[in-house]
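Spelled out, the chains give:
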Amino acid sequence: MTRLSPRTALRRTAGGLAAAGLLAAGSLAVAAPAQADGPVFTLGGPAETALHPYPETGSPQKSALGLTVHNPDPDEESMGYEGEVTYTLDLSGIAGVAELSPAEDTGSDCEITGATAVCHDWGVYAGLSSIADFDLSAAKGSEDGASGTIEVTGSADGVTFTPFSTKVTVGGPDLVMKQLPFKQELKPGDVQPAPITFTNKGTTAADGVLLTLRYSRGMEIPERYANCEYNGEAGDDPFEGFAWATALCSVAGSYEPGATYTLAEPLSVKATERAFYDTFIYRINEDSAAQRSAQRAGAAFTRGTGPELSLKKVTSSARGADLDPWDNQQEIDFRTENTANFVAVGGKADGAVGETVTADLGFRNDGPAWIGYIRSGEPVATFDFTVPEGAEVTRKPESCRGVTADGKYREDQNRAPRYVCDTSMTVRDGADVSLPFDLKITELVPNADGAVRIRNTWLSDPELPFDPKPADNTARLVLNDDGSGSEDTGGTSEGTTGTGGATEGSAGGDTAGQGSDTSGTSGASSGSGPSGSTGSSGTASASTDGGLASTGSVALMASGGAVIALAAGGVLYATNRRRVRQA
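Quick summary incoming for the structure in this document. Because the structure is a prediction, the values reported are computed rather than measured. Starting afresh in each chain, residues are numbered from 1 along the sequence in its written order. Per-residue local features of the predicted model are confined to residues with pLDDT of at least 70, and side-chain atom pairs are confined, for both listing and counting, to 80 or more; whole-chain, interface and lining totals are unaffected and use all residues. Only hydrogens and water are set aside; all other atoms, that is, all heavy atoms of the structure, feed into the side-chain values.

1. Overview of the nonpolar core
In a soluble, globular protein the nonpolar side chains are often hidden away together inside. Phe342, Ile371, Phe383, Phe385, Phe437, Leu439 and Phe466 are the most contacted members of the largest nonpolar core, which totals 40 residues. A run of H or I in DSSP becomes a helix once it reaches four residues, and a run of E becomes a strand once it reaches two; helices and strands are each numbered from the N terminus. Looking at this core, the elements that each hand over two or more residues are strand S28 (340–345), strand S30 (356–368), strand S32 (382–386), strand S33 (391–395), strand S35 (418–422), strand S37 (432–441), strand S38 (448–455) and strand S39 (474–479). Pairs of residues are marked as contacts when any of their non-hydrogen atoms sit within 4.5 Å. Other than its neighbours up to four places away in sequence, Phe385 contacts Leu361, Val393, Pro417, Arg418, Tyr419, Phe437, Leu439, Ala451, Val452 and Leu477. Take the buried Ala, Val, Leu, Ile, Met, Phe, Trp, Tyr and Cys residues and link them wherever side-chain atoms come within 4.5 Å; each set so joined is a nonpolar core. Each residue's exposure class comes from its accessible area (1.4 Å probe, protein chains only) as a fraction of the maximum for that residue type: buried when under 20%, exposed when over 50%, partly exposed otherwise.

Next comes the structure, spelled out in structure tokens:
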């Protein structure tokens with residue numbers, strides 16, 4: 001008897017991974033919902049898992065199998081279902097085909113006895129959660145092409161589980177993408193050939209291939225092939241969650257084991273006038289309707305009108321899931337010699353003592369480059385606002401935090417003398433970010449002047465490393481201008497006069513944050529990283545309720561650190577953190 005525990009995983013952000021361009025290595029299958037009076041939870045996992053044939057010598061190579069459960073509760077912040085849950089895996093269908101064993105990072109919540117595995121858990125969070133992770137390997141004596149199924153069921157009081165089955169096959173294609181020798185230091189307008197090349201290191205031929213090309217906002221692929229579909233240039237939609245574009249190219253044919261194939265004519269990768277830090281991801285899979293659907297991730301695509309993209313065999317030696325999805329993909333980071341002009345936006349407002357006025361402050365990116373630290377996930381910049389004399393902030397954007405007058409950490413977020421707001425890891429060219437603050441006039445001070453600045457995240461090193469015009473990084477908010485001061489507030493936004501007796505709001509926010517001087521690292525070193533690793537990029541979401549509202553910008557700080565995530569075997573997904581088992 002073997003014991004193992006469910007995997008600990010991340011809370012799911014609905015739609016975020018797809019928007020970020022995470023490349024699925026296979027299709028995620030779920031069963032059709034059942035009809036029931038109580039809640040219906042859906043079990044799922046990879047539709048198919050391919051196994052390396054049992055070796056003549058040595059131990060068999062393992063493949064990963066991760067199973068999931070989906071609770072359709074629309075409130076992802078709720079505790080979801082609370083009660084004891086049991087999951088059962090019927091392994092009789094893979095007898096003589098495959099062996100199931102515990103994954104290396106598991107503990108003691110599941111039991112495998114003979115042809116049955118039983119996992120006990122407590123509760124099911126809203127959204128998608130991990131059940132458990134297993135390793136699968138070909139059984140001794142199994143033949144190439146042998147297959148079977150694993151049946152998964154669940155049970156809990158007052159809950160119906162939709163069962164799930166996954167197919168397990170011995171052998172299959174193994175498409176391995178070759179890393180290309182790209183030049184990484186570029187100038188706007190530079191074009192490089194991309195002779196995509198891959199080898200089938202598996203045991204069977206691939207019946208058609210799907211080439212997936214994903215590139216960030218500063219790059220483009222000029223060609224439009226007839227057998228490719230495109231979802232537009234990166235970031236054309238100013239309200240999309242992330243600045244990525246995708247091309248999906250289906251190339252028919254049989255791609256033999258042991259053979260290497262390359263494009264008959266290399267496609268091009270171009271650095272545009274908005275390029276700065278960018279990433280290009282190129283991936284190969286066996287073609288199928290499920291794979292195309294997974295790579296589309298819900299986006300709308302348009303077919304190209306040019307010639308067809310084709311492949312040719314380079315070398316040769318004497319239809320199923322890929323044996324090793326981790327080597328299907330390569331990626332490269334580019335650094336383009338370019339700049340972006342960030343402009344602070346201040347304004348003016350008037351009000352009597354006791355009245356509340358709204359100051360619509362912010363900044364914009366006049367380009368030409370977009371700035372995206374998509375490799376590190378660090379914020380691009382920090383918006384810094386010092387409150388004018390004779391006023392106090394009663395309402396602030398949720399993404400902003402109050403600090404002391406010298407920019408240090410402040411525990412009390414109410415009526416702070418200064419506010420800082422970190423941007424997200426991306427700010428697009430043309431972005432116009434609005435940050436409304438409500439201020440109550442406590443004392444009539446003519447020409448009360450508050451500083452507005454867009455700066456680097458390090459207070460001790462405030463200059464933006466990509467901005468050649470630091471003079472317009474600062475602006476002013478002037479309250480009750482009597483005409484004797486300067487007319488230049490550094491921006492075009494005008495404050496509005498409120499009404500007397502306004503209820504005082506809270507300037508509360510992230511009271512656990514650090515002072516501005518430790519709110520990130522200098523952008524000078526952000527956004528670059530090692531190239532050629534398998535993986536794809538994650539996402540940040542924009543606020544629509546009191547955050548860094550913007551046009552053409554992802555404006556909220558992405559949570560969770562680094563953003564580039566590796567594409568795993570099967571579909572890459574994020575799941576809820578498992579509950580601690582209750583006694």
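2. Notes on the state of the cysteines
The criterion for a disulfide is a pair of cysteine sulfur atoms lying within 2.5 Å. Within this structure, the stated rule accounts for three disulfides. Here Cys228 connects covalently by a disulfide to Cys249, the sulfurs 2.0 Å from one another. With the S-S bond torsion at 110°, the cross-link from Cys228 to Cys249 turns out right-handed. Residue Cys228 is found in strand S20 (residues 228–230), and its partner Cys249 is found in strand S21 (residues 244–255); the two are separated by 21 residues along the sequence. Under the relative-accessibility criterion, Cys228 is labelled buried at 0%. Cysteine pairing for the chain (bonded cysteines numbered in sequence order): 1-2, 3-4, 5-6.

3. A closer look at the sheet that holds S35
Strand order in the open sheet made by the six strands is S29-S39-S38-S32-S35-S34, with mixed pairing throughout. Each having just a single partner strand, strand S29 (347–349) and strand S34 (400–403) make up the two edges of the open sheet. Taking each pair of neighbouring strands and ignoring which way they run, the sheet shows an average axis angle of 20°. Relative to S39, S29 runs parallel, the two being bridged by three bridges. Bridging from a neighbouring strand, Lys348 pairs with Val478 of S39. Two strands are counted as paired when DSSP detects at least two bridges linking them. Orientation is described by axes fitted as lines to C-alpha atoms, over the contacting stretch for helices, and by angles from 0 to 180 degrees between their N-to-C directions.

4. Points about the packing of aromatic side chains
Two aromatic rings, drawn from Phe, Tyr or Trp (for Trp, its six-membered ring), form a pair once their centres lie within 6.5 Å of each other, and the interplanar angle then sorts them: stacked below 30 degrees, edge-to-face above 60, tilted otherwise. Scanning all chains against the criterion turns up 17 aromatic pairs. Between Phe182 and Phe334, the ring centres sit 5.7 Å apart and the planes meet at 80°, which makes this aromatic pair edge-to-face. For the residue pair Phe182 and Phe334, the accessibility class agrees, reading buried in each case. Members of the aromatic cluster, joined through ring pairs, are Phe276, Tyr277, Phe342, Phe363, Tyr373 and Phe466.

5. Side note on the pattern of salt bridges
Salt bridge, as used here, is a side-chain nitrogen of Lys or Arg placed within 4 Å of a carboxyl oxygen of Asp or Glu. Under the criterion given, the structure shown has 14 salt bridges. A salt bridge links Asp429 to Arg217; its shortest N-O distance comes to 2.6 Å. Salt-bridge contacts for Glu392 lead to Arg415; the nearest nitrogen and oxygen are separated by 3.1 Å. Within this pair, whereas Glu392 is found in strand S33, its partner Arg415 is found in the loop between S34 and S35, the two being separated by 23 residues in sequence. The structure contains a network of salt bridges with shared partners spanning Glu331, Asp333 and Arg375.

6. Points about the sheet that holds strand S16 (residues 191–194)
Overall, antiparallel pairing links the three strands, which are arranged S16-S23-S19 in an open sheet. What marks the edges here is a single partner per strand, and that holds for S16 and strand S19 (219–220). Pairing of S16 with strand S23 (residues 267–271), which is carried by four bridges, proceeds in the antiparallel orientation. Its bridge partner lying in S23, Pro193 is registered against Ser268.

7. Quick word on the side chain of Glu355
By the element assignment, Glu355 lies in the loop between S29 and S30. Polar side-chain contacts of Glu355 include one of 2.8 Å to the backbone nitrogen of Ala352. By the criterion applied in these results, polar contacts are pairs of N or O atoms within 3.5 Å in which, for protein atoms, one can donate a hydrogen and the other can accept it, and in which residues neighboring in sequence qualify only through two side-chain atoms.

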